[in-house]
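Listed below are the residues making up each chain.
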Amino acid sequence: MSSPATLPPALLDSLRRAGRVVVLTGAGISAESGVPTFRQAQTGLWAQYDPQELATPAAFRRQPQLVWDWYAWRRELVAGVAPNPGHFALASMEAYVPTFTLITQNVDSLHQRAGSRHVIELHGNIARVKCSREERVVETWPATEERPPRCPDCGAFLRPDVVWFGEALPAAVLHAASEAARLADIFLTIGTSGLVQPAASLPRLAAGNGAVTVEINIEDTPLSPRMDYTLRGPSGVILPMLVERAWPD
Ligand code: APR
């Protein structure tokens, strides 16, 4: 295990030489921006609800208004925060690496807002809305008091365009992420608990195909024992240091 002060020279060297760097991020990278992770207790109005119970198709069927309102609250929360130094460091890493792929489980657009250009969003984006029946993204709908509003084409409820627990990831998105992992020279896993599949299998896929694996997290995860390097600490501190030391000019 390494602390930020002792970033392994061999890792810095591997980063500098890598043709293909792939990064998988989770809620931990946005925590320092003030976006609560899914597995953190919620505060205020929503404290009594478990996010893992709200983010499911069954919850939406049972209590569509509650789920819609929770996402409206999260959307507002995300719109009111800013990318942190971890997001910015990844955006600058993209400029140094010949082929750089950023795969995120986050739905908050903070990578894009920090300047990352090639982002694979595994779990969708909270800013988008889709029809719950036809799955098509819907941009506008007539003003209504009804929550959730309804699809202007078919009348089904609208829902956030995110992947809920128990739902499959869009096939093309998962394929792109898996291909990137397979071809990676270095695979960095940042701020994810490694509990949710299929995202959690990507580091292993990369390792199985010869990638050097790195984890950045404030604590151990089920993925930690398999990593070549584990860097313990906040991603907002470690990532800027990593980029600065790997590419000093
Ligand atoms: N820096 C680095 N890691 C951090 C930081 C930080 N500042 N703060 C928290 N972490 C780590 C935690 O230790 C934990 O391992 O981030 C991880 C967050 O874990 P989760 O809340 O489980 O988030 P994530 O892994 O992204 O969850 C995966 O499951 O909740 C669903 O669909 C949702 O995309 C999400 C998916």
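Here, every reference points to the structure presented above.
The following refers to the structure shown. Because the structure is predicted, anything quoted here is derived from the model rather than measured.

1. Some thoughts on the pattern of salt bridges
Reasoning step 1: Counting across every chain of the model gives 14 salt bridges.
Reasoning step 2: Taking the shortest distance from any N to any O, the salt bridge between Glu167 and Arg159 comes out at 2.8 Å.
Reasoning step 3: Residue class for Arg159 comes out buried when judged on its relative accessible area of 3%.
Reasoning step 4: Measuring nitrogen to oxygen at the nearest pair gives 3.1 Å for the salt bridge that ties Glu179 to Arg182. With Glu179 and Arg182 both in helix H8 (residues 171–183), this residue pair falls three residues apart, about one helical turn.
Reasoning step 5: For Glu179, a relative accessible area of 29% corresponds to the partly exposed category.
Reasoning step 6: With relative accessibility at 37%, the residue Arg182 sits in the partly exposed group.

2. Brief notes about the environment of Glu244
Reasoning step 1: With respect to the secondary-structure elements, Glu244 resides in helix H10 (residues 235–246).
Reasoning step 2: For the pair Glu244 and Ala27, spaced 217 residues apart in the sequence, the C-alpha separation amounts to 23 Å.

Criteria and cut-off values
Residues numbered from 1 in each chain as written. Predicted model: local features only at pLDDT ≥ 70, side-chain atom pairs only at ≥ 80, totals over all residues. Heavy atoms only, no water. Salt bridge = Lys/Arg side-chain N within 4 Å of Asp/Glu carboxyl O. Buried < 20%, exposed > 50% of the residue type's maximum accessible area, 1.4 Å probe, protein only. Helix = DSSP H or I, 4+ residues; strand = E, 2+ residues; numbered from the N terminus.

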